[in-house]
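Structure assessment
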Amino acid sequence: MRTVVCAEPGHMTLEQRDSPSCGAEEALLRIRRIGVCGTDIHAYGGNQPYFSYPRVLGHELAGEIVEVGSEGDPDLVGKRAYVIPYLHCGECRACRHGRTNCCQRMQVIGVHRDGGMCDTLAVPLDHLVVSDTLALDQLALVECMAIGAHAVHRSELATGELAVVCGAGPIGMGVAQIARERGAQVVVIDTNPERLAFCREKLGITLTLNPNEDDIDTALKGLSDGELADVVFDATGNPAAMQAGFDLVGHAGRYVLVSIVKADISFSDPDFHRKELTLLASRNATRADFDQVIQLMESGRLKADAMITHRAELADVPEHMPAWCTPATGVVKAMIELDNPLDNPHQEPRHEPDHCQ
Ligand SMILES: [Zn+2]
Ligand SMILES: [Zn+2]
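Structural notes, computed from the coordinates. These numbers were taken from a predicted model, which means no experiment stands behind them.

Helix and strand counts for the protein chain come out as 11 helices and 17 strands. In terms of overall size, the protein chain behaves like a compact globule, its C-alpha atoms giving a radius of gyration of 21 Å where 357 residues would be expected to give roughly 21 Å. Seen through its C-alpha atoms, the protein chain measures out along the principal axes to roughly 85 × 45 × 40 Å. Burial statistics for the protein chain: of 357 residues in total, 44% are counted as buried.

In structure tokens, the structure reads:
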């Protein structure tokens, strides 16, 4: 089968590998969509802290179940499904407390082990979720949106609160949409005017601020009777921005760091104490976060596929990856579509019915 391998930072190749076999507690998923995530882009760029190479990327996965192991329900064959890519151990303290998203021995498909940039992937049955209603594009974006749902869950954001989202990438856009669903007043901050216009026009997030054009402190005070944000979410992936975010949180506020950087973050302790801030990390997502996203998608309130700006076929990923890593190309979310050989008669020898018998 075709497999796209990130051999080392900055270098991807298309290879042929053996198709996986199906374990008793697994199913084989014929991959049909792969969302390209900031994690993939950082892995390709060599600045993702949890990576080793070579690695097959791809964890935002949707497809069709083509085989079910002996422990599974054979009726699942032919169903559309998405993948919960977080393989947790189920035994460590985090898992025992239901915090499976930050398992001590976490193995994320496409991060710590080979992922879905290939034709067929073996996935543990309990990490596949079938859907009869949602389209493949939507299913491939559930994981990305679940990251946002988890961050909002961590913040305990309440109706009417002022939520500031720093960073208008797909994760920030997800956080902003879920925060709006919670009934918060949402402000998105980014230095990229196109990304801010995208939030306003495609996602209906009307309050946007650009630090290069707006006085952020004055604007946020104007929206909050001088009290600043109840909750700030960082989704910038930028250490300087993460540090600056502390100043946007008001007294008794919460600061949620969603993006991960390879750096130390420092802050003013007198300010931190004076405001008695709550600082939270948000990593991955739990099953409840995935379920919430599915519910919002099914009700039509979360249009994740509005974020898709670029598309390519699996074999063309090595060629497109550099552009997908360049915000100037206008990329928000790239989606890999698989012309699976099994669907495409031009790539598979056709067995025409015999006319002369
Ligand atoms: Zn992702
Ligand atoms: Zn664990």
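With that settled, consider the pairing of strand E4 (residues 60-68). Counting buried positions along E4 yields seven of nine residues, so the element is predominantly enclosed. Here strand E3 (residues 26-36) runs beside E4; their pairing, made up of eight bridges, is antiparallel. Opposite leucine 29, over in E4, you have isoleucine 65 as the bridge partner. Both E4 and strand E5 (residues 80-83) contribute to a ladder of three bridges, which runs antiparallel. Of the residues in E5, the one forming a bridge with glycine 63 is alanine 81.

With that settled, consider the nonpolar core. By size, the foremost hydrophobic cluster in this structure holds 99 residues, and its most contacted members are Ala163, Val164, Val165, Val175 and Phe233. With eight residues, the single largest contributor to this core is helix H4 (residues 142-155). Viewed by domain, this core spans two of them, domain 1 (2-140 + 286-337) and domain 2 (148-281), each represented by three or more residues. Beyond its immediate stretch of four places on either side in the chain, valine 165 contacts Gly172, Val175, Ala176, Ala179, Val186, Val188, Phe233 and Ala235.

Reading guide: rules and limits
- Residues numbered from 1 in each chain as written.
- Chains lettered and ligands numbered in written order.
- Predicted model: local features only at pLDDT ≥ 70, side-chain atom pairs only at ≥ 80, totals over all residues.
- Helix = DSSP H or I, 4+ residues; strand = E, 2+ residues; numbered from the N terminus.
- Rg over C-alpha atoms; globule rule 2.2 N^0.38 Å.
- Buried ≥ 20, exposed ≤ 12 C-beta atoms within 10 Å, placed from the backbone.
- Pairing = 2+ DSSP bridges.
- Core = buried A, V, L, I, M, F, W, Y, C linked by C-beta atoms within 7 Å.
- Domains from an automatic or database assignment.
- Contact = placed C-beta atoms within 7 Å.

In short, the description is geometric, and any link to function would need to be established separately.
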